[in-house]
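What the coordinates show
Residue-level listing of the chains:
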Amino acid sequence: MATTLKDAVARKPVLATIRLIVPAGAARPAPPVGPALGFYRLNLMAFCKDFNARTQKYKAETPMQVTLTAYKDSTFEFVVKSPPVSWFLKKAAGIETASGRPGHNMVSSLTLRHVYEIAKLKQSDPYCKHMSIEALCKSIIGTANSMGIEIVKDL
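Residues numbered from 1 in each chain as written. Predicted model: local features only at pLDDT ≥ 70, side-chain atom pairs only at ≥ 80, totals over all residues. Heavy atoms only, no water.

For the protein, an unreviewed UniProt entry supplies the name Large ribosomal subunit protein uL11m and the organism Leersia perrieri.

Shown next as structure tokens:
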């Protein structure tokens, strides 16, 4: 994708890229959001209102990944991604924590259907939309194995 000179001149200088995990619909100017954005003198309330409006369709307390780009003129843009794969796997398996010794102690088991459903949800992510379902499923199976969750064909 070629950029023109006009686009390069119009581009704002980036101050920082901030990655946060914030519960859906629960962004407040308290930690972890407050200190992260306040350090760069960004408008906390504008972020909180916009984030809460974008994530109101998700169940409360769902951890949402946010990538925020702060510019030198104290403006920002952010992208909200879906929850981490590990959160989906824990919810599907009905466990609180992963195995302390993955590969030795299996804490739960899931079917390939669960993996496929998680892959369909993750495919809506901006960074995963170009990946095939097969590649996403393989990645999810690897994450499940590292958490001590066994993947079986049928339960």
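Read on, since the account is not over.
**Regarding the UniProt feature "domain: Large ribosomal subunit protein uL11 N-terminal" (unreviewed entry) in the protein**
Selection criterion: UniProt positions are given in the numbering used here, feature names are shortened, and annotations may be inferred rather than shown by experiment. The numbering of helices and of strands both runs from the N terminus, where a helix is a DSSP run of H or I of at least 4 residues and a strand a run of E of at least 2.
Sites flagged by UniProt as "domain: Large ribosomal subunit protein uL11 N-terminal" (unreviewed entry) map to residues 18-76. Summarising residues 18-76: 29% helix, 27% strand, and an end-to-end C-alpha distance of 10 Å.

**Observations concerning the sheet that holds strand β1 (residues 14-23)**
The condition is simple: Strands pair, by our definition, only if DSSP identifies at least two bridges between them. Every axis in this analysis is a line fitted to C-alpha atoms, fitted for helices over the stretch in contact. Angles between the N-to-C directions lie between 0 and 180 degrees.
Here three strands make up an open sheet; going across it, the order is β1-β2-β3 and the pairing antiparallel. Looking at which strands have only one partner, the edges of the open sheet turn out to be β1 and β3 (76-81). The mean angle between the axes of side-by-side strands here comes to 20 degrees, regardless of whether they run parallel or antiparallel.

**Focus: the packing of helix α5 (residues 112-122) against helix α6 (residues 133-147)**
Spelled out, the test is: The hand of a helix crossing depends on one turn: near helix anticlockwise from the far one by less than a right angle means left-handed, and clockwise means right-handed. We call two residues in contact when some of their heavy atoms are within 4.5 Å. Lys, Arg, Asp and Glu make up the charged group, whereas Ala, Val, Leu, Ile, Met, Phe, Trp, Tyr, Cys and Pro make up the nonpolar group; the residues left over, Gly among them, are polar.
Where α5 meets α6, the axes come as close as 9 Å, and the angle between the chain directions of the two elements is 115 degrees. Remark: the crossing between α5 and α6 carries right-handed chirality. Between α5 and α6, the residues in contact are L112, V115, Y116, I118, A119 and K120 and I133, L136, C137, I140 and I141, respectively. For the contact of α5 with α6, the per-class residue count stands at ten nonpolar, no polar and one charged.

**Some remarks on the UniProt feature "domain: Large ribosomal subunit protein uL11 C-terminal" (unreviewed entry) in the protein**
Mapped onto the present numbering, the UniProt feature "domain: Large ribosomal subunit protein uL11 C-terminal" (unreviewed entry) falls at residues 81-151. As annotated, residues 81-151 has a helix share of 49% and a strand share of 11%, and its two end C-alpha atoms lie 25 Å apart.

**Some words on the pairing of strand β2 (residues 63-71)**
Defined as follows: Each residue gets one of three labels from its accessible area relative to the maximum for its type: buried under 20%, exposed over 50%, partly exposed in between, using a 1.4 Å probe on protein chains only.
Among the nine residues of β2, nine are classified as buried, and the element is accordingly described as predominantly covered. Judged by which residues are buried, β2 turns out to be covered on both faces: P63, Q65, T67, T69 and Y71 on one side and M64, V66, L68 and A70 on the other are all buried. Pairing geometry for β1 and β2, over nine bridges, is antiparallel. What sits directly across from I21, in β2, is Q65. Pairing geometry for β2 and β3, over six bridges, is antiparallel. Following the sheet pairing, T67 is matched in β3 by V79. The antiparallel hairpin formed by β2 and β3 contains four residues in its connecting segment, where S74 sits at a positive phi of about 65 degrees.

**Digging into the side chain of T62**
Going by this rule: Throughout this description, a polar contact denotes any pair of N or O atoms lying within 3.5 Å of each other; where both atoms belong to protein, one of them has to be capable of donating a hydrogen while the other can accept it, and for residues adjacent in sequence the pair is counted only when both atoms sit in side chains.
By the element assignment, T62 lies in the loop between α3 (44-54) and β2. A relative accessible area of 4% places T62 in the buried class. Polar side-chain contacts of T62 include one of 2.7 Å to the backbone oxygen of K59. In this view, T62 contacts V22, P23, A24, P83 and W87; residues no more than four positions away in its chain are not counted.

**Things to note about the domain arrangement of the protein**
Inclusion rule: Domain boundaries shown here were taken from an automatic or database domain assignment. When two parts are brought into contact, each loses some accessible area as probed by a 1.4 Å sphere; the total of that loss over both is the buried area. Within this document, salt bridges are pairs made up of a side-chain nitrogen of Lys or Arg and a carboxyl oxygen of Asp or Glu, the two lying within 4 Å of each other.
Domain assignment breaks the protein into domain 1 (14-81) and domain 2 (85-152). Centre-to-centre separation of domain 1 and domain 2, based on C-alpha positions: 26 Å. With four residues of domain 1 at the contact, the number on the domain 2 side is four residues. Contact between domain 1 and domain 2 buries roughly 420 Å² in total, counting both sides, with carbon and sulfur atoms accounting for 70%. Counting every contact that joins domain 1 to domain 2 gives zero salt bridges. The tally of links from domain 1 across to domain 2 stands at zero residue pairs in polar contact (both at pLDDT 80 or more). Along the lines of polarity and charge, the residues of the side of domain 1 that touches domain 2 split into two nonpolar, one polar and one charged.

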